[in-house]
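# Topology and contacts: notes
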Amino acid sequence: MCTAMLMTTAHEGAFFGRTMDFSYPLSPELYFVPQNFQWTNIPETHTICSKYAFMGIGQDISPVVFADGVNEMGFAAAALYFPDYAQYDSASFNYSSTPPIAAVELVAFLLGQSPSVDHALSLLRSIKIIGTEDSVTNTVAPLHWLIADTSGRCVTVEKTADGLHLTDNPVGVLSNSPDFQWHMTNLRNYMNVSQFQTQEKHWNFLRLTPFGQGNGGLGLPGDYTPPSRFIKTAFQKTHVSPPSGRKEAVSTCFHILDGVSIPKGCVMTHRETADYTQYTAFIDLSTKEYFYKTYENSRIFSVRFPDEQEHNGRMISLGKLQKDADYIC
């Protein structure tokens, strides 16, 4: 599942965020990775050195797998599920000069190497993306990605049977399958939806009046399928009043993704487990500050980009996302 988006403000600020919808119990943590941090790719063919410090939300499954994050240059990336469409490069390729990067480690790789979307696109054309099993699902996760930077540029990254697709994303929204171009075409089915209210109509001598406010949005989907979440997020994002400042932008972003967040129990898998929104996060790409809330606690927490001088070149955890809710009785 999952929905991601990029929101720009009236003052050209950019906020990048996502819901993490998953049917396996996660224990996400916020991590900081400093400049020059060295790590070995999952296929164990190359040692990677991070050129840029970055902060991201990940799961420690040895190694830490990052789902989303931002680096010191304001470049951000997020991974979302892409079932039945993702198809990776062959693991039998000769990797003497081209590093193989597992799909689950692509977010960390791009954050550590790319100062901008343009650089990331060039880098993506030079590597091979392969599939490896993760220890959470014991499967090869089918993924695609959304990347963005402080300029407001946003691109969808998809690896399918017919190759690598690097597609500009003018709506700044991504969900899951089908592929991104299908979702963009599907938007045309909702050209009639409006934020303005339909006035009374006359069918011959019959006078019809709307029940109340909101009837302009009649037909806007409300289910949790990827096409419906894409449409609803795209509509809300493009029709909200442009946020005038940072505080208003953060509030607006969370309100938009609240519209596609999944309560536990409303979507059940074939394994009879709940697929639900375990956390929602947004990043101010200018300040590199993270804002997030979890299913257990709807309070919005913020974490500033750390001073890497304090961490002696080590990747560190800044703490688990889950925090007990504060109740006022």
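So, a few notes on the structure that sits alongside this text.

Cut-off values and rules
- Residues numbered from 1 in each chain as written.
- Predicted model: local features only at pLDDT ≥ 70, side-chain atom pairs only at ≥ 80, totals over all residues.
- Heavy atoms only, no water.
- Helix = DSSP H or I, 4+ residues; strand = E, 2+ residues; numbered from the N terminus.
- Buried < 20%, exposed > 50% of the residue type's maximum accessible area, 1.4 Å probe, protein only.
- 1 Å grid on protein atoms, 1.4 Å probe; cavity = no way out; pocket = protein on both sides within 12 Å on 5 of 7 lines; lining within 4 Å.
- Points joined across faces, edges and corners; volume = space filled by probe spheres on them.
- Nonpolar A, V, L, I, M, F, W, Y, C, P; charged D, E, K, R; others polar.
- Pairing = 2+ DSSP bridges.

### As for unusual backbone geometry
- With an omega of 5°, the peptide bond between S177 and P178 qualifies as cis.
- Here P178 lies in the loop between β14 (173-174) and α3 (180-186).
- Positive phi values are uncommon outside glycine, yet N36 reaches one of about 65°.
- Tracing the sequence through the fold places N36 in the loop between β3 (29-33) and β4 (38-40).
- The exposure class assigned to N36 is exposed, which follows from its relative accessible area of 54%.
- Not every positive phi belongs to a glycine, and N138 is a case in point at roughly 60°.

### Comments concerning the environment of S135
- Secondary-structure assignment places S135 in the loop between β10 (128-130) and β11 (143-148).
- It is 6.4 Å that separates the C-alpha atoms of S135 and I61, two residues lying 74 residues apart in sequence.

### Describing empty space enclosed by the protein
- Inspection of the entire model under this criterion finds one cavity of 30 Å³ or more.
- Put simply, the largest cavity is a space of about 360 Å³.
- Taken together, 25 residues make up the lining of the largest cavity; nearest its centre are M20, F22, V65, A67 and Y81.
- Mapped by element, the contributors of at least two residues to the lining of the largest cavity are β2 (14-22), β6 (54-60), β7 (64-71), β8 (76-81) and β11.
- In terms of residue class, the lining of the largest cavity is made up of 21 nonpolar, three polar and one charged.

### Examining the sheet that holds strand β17 (residues 276-284)
- Taken together, the six strands give an open sheet; going across it, the order is β14-β1-β2-β17-β18-β19, and neighbouring strands pair in antiparallel fashion. Pairing within the sheet leaves two strands with one partner each, and these edge strands are β14 and β19 (301-303).
- Pairing between β2 and β17: eight bridges, direction antiparallel. Paired with M20 across the strands is Y279, a residue of β17.

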